[in-house]
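# Survey of secondary and tertiary structure
The lines below spell out each chain.
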Amino acid sequence: MATSLSHVSSFKSLNTRPQKSYGLGYIPNYIQDPNRVRVFDTTLRDGEQAPGASMTPEQKLHIAHHLAKLGVDIIEVGFPASNKADLETTKLIAHEVGNTIVDDGRIPVICGLARCNENDIDKAWEALKYAKFPRIHVFISTSEIHMKYKLRMLKEEVIEKARTMVAYARSLGFNDVQFGPEDAGRSEREFLYEIIGRLLKLVLQLFAFLILLELLGLYGQLIADIRANTPNIQNVIISTHCHNDLGLATANTLEGAYAGARQVEVTINGIGERAGNASLEEVVMTIKCKEEALGGLYTNINTRHILMASKMVEEYSGMNLQPHKAIVGANAFVHESGIHQDGMLKNKSTYEIMSPEDIGLHRSNEFGLTLGKLRYAEFQLLGYNFEGMELNDLFWRFKSIAETKKLAFVKRLLFISYLISYQPTY
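Bear in mind the structure is a predicted one, so any value in this text is a computation, not a measurement. (Residues numbered from 1 in each chain as written. Predicted model: local features only at pLDDT ≥ 70, side-chain atom pairs only at ≥ 80, totals over all residues. Heavy atoms only, no water.)

Even without being a glycine, Arg152 presents a positive backbone phi close to 55°. You can see Arg152 is positioned in the loop between helix H4 (144-151) and helix H5 (155-172). Residue Arg152 is classed as exposed on the basis of its relative accessible area, which comes to 68%. Although it is not a glycine, Asp183 sits at a positive phi angle of roughly 65°. Here Asp183 lies in the loop between strand S5 (177-182) and helix H6 (189-206). (Helix = DSSP H or I, 4+ residues; strand = E, 2+ residues; numbered from the N terminus. Buried < 20%, exposed > 50% of the residue type's maximum accessible area, 1.4 Å probe, protein only.)

It is worth spelling out the pattern of salt bridges at this point. All told, the structure shown has 21 salt bridges when counted by the stated rule. The partner of Glu156 in a salt bridge is Arg198, and the shortest N-O contact between them spans 3.0 Å. With a gap of 42 residues between them, Glu156 in helix H5 and Arg198 in helix H6 connect regions that are remote in the sequence. Using a relative accessible area of 26% as the deciding quantity, one classes Arg198 as partly exposed. Ionic pairing is found between Arg186 and Asp183, a salt bridge with its closest N-O pair at 3.0 Å. (Salt bridge = Lys/Arg side-chain N within 4 Å of Asp/Glu carboxyl O.)

Looking at where Arg186 falls in the secondary structure, it is placed in the loop between S5 and H6. Between the C-alpha atom of Arg186 and that of His146, which follows or precedes it by 40 residues, the distance is 9.5 Å. When near neighbours in sequence (up to four residues on either side) are disregarded, Arg186 contacts Ser143, Ile145 and His146. (Contact = heavy atoms within 4.5 Å.)

To continue, consider the packing of helix H2 (residues 84-96) against helix H3 (residues 118-128). Pairs of packed helices are described in terms of their axes, by the angle between the two and the distance that separates them. Two numbers describe how H2 lies on H3: the axes approach to 7 Å, and their chain directions differ by 40°. Touching Leu87, Thr90, Lys91 and Ala94 of H2 are Lys123, Glu126, Ala127 and Leu128, all from H3. A per-class count over the contact of H2 with H3 returns four nonpolar, one polar and three charged. (Axes fitted to C-alpha atoms, helices over the stretch in contact; angles between N-to-C directions. Nonpolar A, V, L, I, M, F, W, Y, C, P; charged D, E, K, R; others polar.)

Attention now moves to the pairing of strand S4 (residues 134-141). Along S4, eight of the eight residues are buried, which leaves the element largely enclosed by surrounding structure. By the alternation rule, side chains of S4 split into Pro134, Ile136, Val138 and Ile140 and Arg135, His137, Phe139 and Ser141, which are all buried. Two elements, strand S3 (residues 109-115) and S4, share six bridges in a ladder whose sense is parallel. The residue bridging Ala114 from the neighbouring strand is Val138, located in S4. By the bridge criterion, six bridges tie S4 to S5 in an arrangement that is parallel. Residue pairing across strands places Phe139 opposite Gly180, the latter belonging to S5. (Pairing = 2+ DSSP bridges.)

Applying the stated rule across the entire model yields two aromatic pairs. A ring pair is formed by Tyr26 and Phe133, whose centres lie 5.2 Å apart and whose planes are at 70°; its orientation type is edge-to-face. Here Tyr26 is found in the segment before strand S1 (38-41), whereas its partner Phe133 is found in the loop between H3 and S4, with 107 residues between them in sequence. Of the two residues examined, Tyr26 and Phe133, each falls in the buried class. Measuring from centroid to centroid gives 4.9 Å for Trp125 and Phe174, while their planes differ by 75°, and the two rings are edge-to-face. Of the two residues, Trp125 is situated in helix H3 and Phe174 in the loop between H5 and S5; the sequence distance between them amounts to 49 residues. (Phe/Tyr/Trp six-rings, centres within 6.5 Å; stacked < 30°, edge-to-face > 60°.)

In this structure, Ala114 sits in strand S3. By relative accessible area, Ala114 is classed as buried at 0%. Along the primary structure Ala114 and Ile136 are separated by 22 residues, whereas in three dimensions their C-alpha atoms are 7.0 Å apart. Setting aside anything within four residues of it in sequence, one finds Ala114 in contact with Phe79, Asp120, Ile121, Ile136, His137, Val138 and Phe139.

For H2, which comprises 13 residues, the first-to-last C-alpha distance of 18 Å matches the rise-based estimate of 18 Å (1.5 Å per residue) to within 8%. Those residues of H2 that sit buried are Asp86, Leu87, Thr89, Thr90, Lys91, Ile93 and Ala94. For H2, the elements touching its buried residues are helix H1 (57-70), strand S2 (74-78), S3 and H3. (Expected span 1.5 Å × (residues − 1).)

Here we come to the nonpolar core. Soluble, globular proteins show a tendency: their nonpolar side chains are buried together. If you look at the biggest cluster of nonpolar residues, it comprises 85 residues, and the most contacted ones within it are Leu70, Ile110, Ile136 and Leu280. Counting seven residues, the second-largest nonpolar core is a separate cluster that includes Phe40, Ile74, Val109 and Phe133. (Core = buried A, V, L, I, M, F, W, Y, C linked by side-chain atoms within 4.5 Å.)

Remember that the coordinates give geometry; whether it matters functionally is a separate question.
Spelled out as structure tokens, the structure:
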């Protein structure tokens, strides 16, 4: 990325941009504002593929409603051909969420996944045709290793299969077709240009989208190369789809958006296959905090609903968050170091580039201070007032406990009460 992301924006300005929407005038391959980035959430499809994750149809419906409220543009709700439960759940969400006008006048696009075969596409149409804006996401592998060992197909066979299946999806009634070259990051560049170019001959009618999967970094250059070498690429919207195998999913997604992609594929809490997907909260809040550094990019997400979405997905999927998870982790807005606490008490923007309220978090104390071995900070916040030698003695006794217990939260205040009442004998 040519522009540094090190610029720190004040969190006071994060909510100044008015929310924009496309309402009922949605056009699959066109976004009026060139800086607008659509958010494609695949928590209910790719996210649920995380080992150990599982959600009931009712839970998926609940999440889909919240994603619509959050401002997600496209909700990928499942893989209808994979099993009957997925088909019925996709149909349920297409009926309910896919016809509901949310607060800002939008009706979210409802999407389903399909391989390049007629059965998958038939099942997707069966489930999605009830939505106001149904989309099918048709994919096929394009890397040499996938074509050789997984598909056992030659390049020309892959191109022909993709072309005929995109046309077949259109014949059923899909006016919004997203094509995905799986493992594009390891595909030969010239072959990518060729297959995309061949499909673009259909795109003017089919509104095909492109999904690019990259595991190894250098993602922005991949997007830039495709834009520079594929004729008529300006007639479609390029999408990113990044997994976190090397911890680069968020970085790659942002690189892709900066390089010209105008759709980002993400999941709540970053759940998904293997090490997970690009995290919605990380991508969206980085775009919001670093809008200027990213050339003015923005999304339609109402970030004040992020925390609720995170908690909902954590609870329903059974995928617990690590405390230090960016944006939504339990420690994301907590400060223990004395130096940090001192700065926070003087001005919260010294150590927070965003406000917790921006994601819907309301802290028990406005400074996010916690009591730990590093500092006994602002004990007065608990209603106690000590001075001089009494405060000094209490501090060192508290610190000796905190050294064996990393954090002393409210649930451990019984220990502190004991310290207050304890009268040592010397």
